[in-house]
Amino acid sequence: MSGPSEAPAVEASALTHPGRKRTTNQDAVGQKLTDRGGVFVVADGMGGHRTGELASKLAVKNILEVIEEDTPSPTLLLEAFEEANDAIYMAGQRPESRGMGTTATALALDLPYALIAHVGDSRAYLLRDGVLTQLTQDHSWVAERLRQGLLTPTEARNHRWRNVITNALGSFPEARVDLIGLKVQPGDRFLICSDGLSGVLEDAVLQEVLESVPPDAAAERLVKLANEWGGPDNISVVAVVVHRIPEDRAPPPWALPLEGGEPVVLAMGQEDESVHTQVIEPGRPRSFWHRWRDLIFLIVYVALLLFVLLFNNR
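Residues numbered from 1 in each chain as written. Predicted model: local features only at pLDDT ≥ 70, side-chain atom pairs only at ≥ 80, totals over all residues. Heavy atoms only, no water.

### Focus on the pairing of strand S7 (residues 131-134)
Piece 1. The pairing of strand S6 (residues 123-128) with S7 spans four bridges and is classified as antiparallel. Its bridge partner lying in S7, Arg128 is registered against Val131.
Piece 2. Turn length for the S6-S7 hairpin, with the two strands adjacent in sequence and antiparallel, is two residues, and the turn residue Asp129 shows positive phi of about 50°. (Pairing = 2+ DSSP bridges. Helix = DSSP H or I, 4+ residues; strand = E, 2+ residues; numbered from the N terminus.)

Put into structure tokens, the structure is as follows:
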């Protein structure tokens, strides 16, 4: 019988589903387990069913290929996203592929450390000691207004522009990537998902599922719940649980800021820019004065002109 030390350090499951309202799936997921963790990616493509599907698959493929070549590090993870961005941007230069791009969120585990690279509005969560924490910040028009205090969480969840993202791989010649790192503990659970899941299910539901069943069952249950709640978009999930930490090792230089145990922002992308979408805020209803101001001025001007002409003719 296998002892606890022989159990795998990490258990994970990746699942994607088109949802109930879409005929195609523009999401892509990928994972690669290693002795010290692994690499896990979720991408949500945009730009039409063919270009969006291609963009998300290119993102997952390039990110996994680059990180598989060496031990994960902040530099390597950023390089992987740059490679993916280059591939998608070049593919998007064809006339039939204009507007293609994708979100991408990747978790690289090199235990006892975790690195999360992120572009767009897919998300990474950490469940630790009964507390679910969103590690990534959405790169979206609505999320920016929420952070500025201009929208409430309820307004943001139901806003008609909630799907307008402000940063995506392949939309610009250079990638703008957020990078977060943390030191992992046994029992930590990670969730990476597209907005087809996080935009439908409350955080309390995500937490309940993650902490109650293994990753395989968690991924299936979350997809099923999202579909039961309407499944308005493609749904992608990667569920990861850390069972144990391999033998101690000296931390690499880049990991020193992570020894405190709390998530640390290692790199932050540039300020958000609109991605192929110009959002114009709706104007306020015009008052009587604003609607008729020019006409009133014209009438007054004509009346004064007539008055002057009549007065001079006397």
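### Side note on the packing of helix H6 (residues 203-212) against helix H7 (residues 215-228)
The relative placement of two packed helices is expressed as an angle between their axes plus a distance between the axes.
Piece 1. Running from N to C, H6 and H7 point in directions that differ by 150°, and their axes come no closer than 9 Å. It follows from the interaxial angle that H6 and H7 lie roughly antiparallel. In this structure, the crossing between H6 and H7 has a hand that is right-handed. Residues Val205, Leu206 and Val209 of H6 form the contact with H7, whose own contacting residues are Ala218, Arg221, Leu222 and Leu225. (Axes fitted to C-alpha atoms, helices over the stretch in contact; angles between N-to-C directions. Parallel < 35°, antiparallel > 145°, perpendicular 65-115°, else oblique. Left-handed = near helix turned anticlockwise from the far one by under 90°. Contact = heavy atoms within 4.5 Å.)

### Some words on helix H2 (residues 74-91)
Piece 1. The end-to-end C-alpha distance of H2 is 26 Å, a good match for the 26 Å that 18 residues give at a rise of 1.5 Å each.
Piece 2. Turning to H2, its buried residues number three or more, namely Pro74, Leu76, Leu77, Ala80, Phe81, Ala84, Asn85, Ile88 and Ala91. (Expected span 1.5 Å × (residues − 1). Buried < 20%, exposed > 50% of the residue type's maximum accessible area, 1.4 Å probe, protein only.)

### Looking at the nonpolar core
Piece 1. Residues Val41, Ile63, Leu77, Phe81, Ile88 and Leu169 are the most contacted members of the largest nonpolar core, which totals 29 residues.
Piece 2. Elements with a contribution of two residues or more to this core: strand S3 (37-46), helix H1 (49-68), H2, strand S4 (101-110) and strand S5 (113-119).
Piece 3. Ranked by residues supplied to this core, first place goes to H1 with eight residues.
Piece 4. When sequence neighbours within four positions are dropped, the list of residues in contact with Val41 reads Ala28, Val29, Gly30, Val60, Ile63, Leu64, Thr105, Ala106 and Val238. (Core = buried A, V, L, I, M, F, W, Y, C linked by side-chain atoms within 4.5 Å.)

### A closer look at the packing of aromatic side chains
Piece 1. Evaluation of the coordinates by the stated rule reveals one aromatic pair.
Piece 2. Measuring from ring centre to ring centre gives 5.8 Å for Tyr113 and Trp254, while their planes differ by 65°; the resulting arrangement is edge-to-face. Of the two residues, Tyr113 sits in strand S5 while Trp254 sits in the loop between strand S10 (235-242) and strand S11 (264-267), which places them 141 residues apart along the sequence. (Phe/Tyr/Trp six-rings, centres within 6.5 Å; stacked < 30°, edge-to-face > 60°.)

### Here's the deal with the sheet that holds S3
Piece 1. The strand order S2-S3-S4-S5-S8-S11 describes an open sheet built from six strands, whose pairing is antiparallel. Lying at the two open borders of the sheet, with one neighbouring strand each, are strand S2 (27-34) and S11. Between one strand and the next, the sheet's axes are offset by a mean angle of 15°, whatever the strand orientation.
Piece 2. Sheet topology note: the S2/S3 ladder contains eight bridges and is antiparallel. Counted as the bridge partner of Leu33 is Gly38 from S3.
Piece 3. Here H2 sits on the sheet and contacts S4, S5, strand S8 (178-183) and S11; the angle it forms with S5, its principal contact strand, is near 25°.

### Overview of the layout of surface pockets
Piece 1. Considering only enclosed or pocket space, the second largest pocket measures out at about 240 Å³ in volume.
Piece 2. Lining the second largest pocket are 13 residues, and of these Asp44, Gly45, Met46, Asn163 and Asp233 lie nearest its centre.
Piece 3. Looking at the lining of the second largest pocket, the element that brings in the most residues is S3, giving three residues.
Piece 4. In the lining of the second largest pocket, the residues fall into two nonpolar, six polar and five charged. (1 Å grid on protein atoms, 1.4 Å probe; cavity = no way out; pocket = protein on both sides within 12 Å on 5 of 7 lines; lining within 4 Å. Points joined across faces, edges and corners; volume = space filled by probe spheres on them. Nonpolar A, V, L, I, M, F, W, Y, C, P; charged D, E, K, R; others polar.)

### Observations concerning the environment of Ile88
Piece 1. Locating Ile88 in the fold gives a position in helix H2.
Piece 2. Separated by 31 residues in sequence, Ile88 and Lys57 place their C-alpha atoms 9.6 Å apart.
Piece 3. Those residues within four positions of Ile88 in sequence are excluded, and the remaining contacts are Ala55, Leu58, Ala59, Met100, Gly101, Thr102, Leu169 and Gly170.

### Some remarks on unusual backbone geometry
Piece 1. Pro112 follows Leu111 through a cis peptide bond whose omega is 15°.
Piece 2. Note that Pro112 resides in the loop between S4 and S5.
Piece 3. Notably, Asp129 is not glycine yet its phi reads approximately 50°, a positive angle.
Piece 4. Topologically, Asp129 is positioned in the loop between S6 and S7.
Piece 5. On the basis of relative accessibility, which here comes to 70%, the residue Asp129 falls in the exposed class.

### Focus: H6
Piece 1. Among the residues of H6, Leu206, Gln207, Val209 and Leu210 are the ones counted as buried.
Piece 2. Taken together, the buried residues of H6 touch S6, S7, strand S9 (189-193), helix H5 (195-198), H7 and S10.

### Some points on empty space enclosed by the protein
Piece 1. Overall, the coordinates contain one cavity of 30 Å³ or more when judged by the stated rule.
Piece 2. Size it by volume and the largest cavity reaches roughly 40 Å³.
Piece 3. Broken down by secondary-structure element, the contributors of at least two residues to the lining of the largest cavity are S9, H7 and S10.
Piece 4. Looking at which element gives the most residues to the lining of the largest cavity, the answer is S10, with three residues.
Piece 5. In the lining of the largest cavity, the residues fall into eight nonpolar, no polar and one charged.

### Things to note about the pairing of S6
Piece 1. The buried count for S6 comes to six of six residues, which makes it a mostly enclosed element.
Piece 2. Covered by surrounding structure in S6 are Arg123, Tyr125 and Leu127 together with Ala124, Leu126 and Arg128, the residues of both alternating faces.

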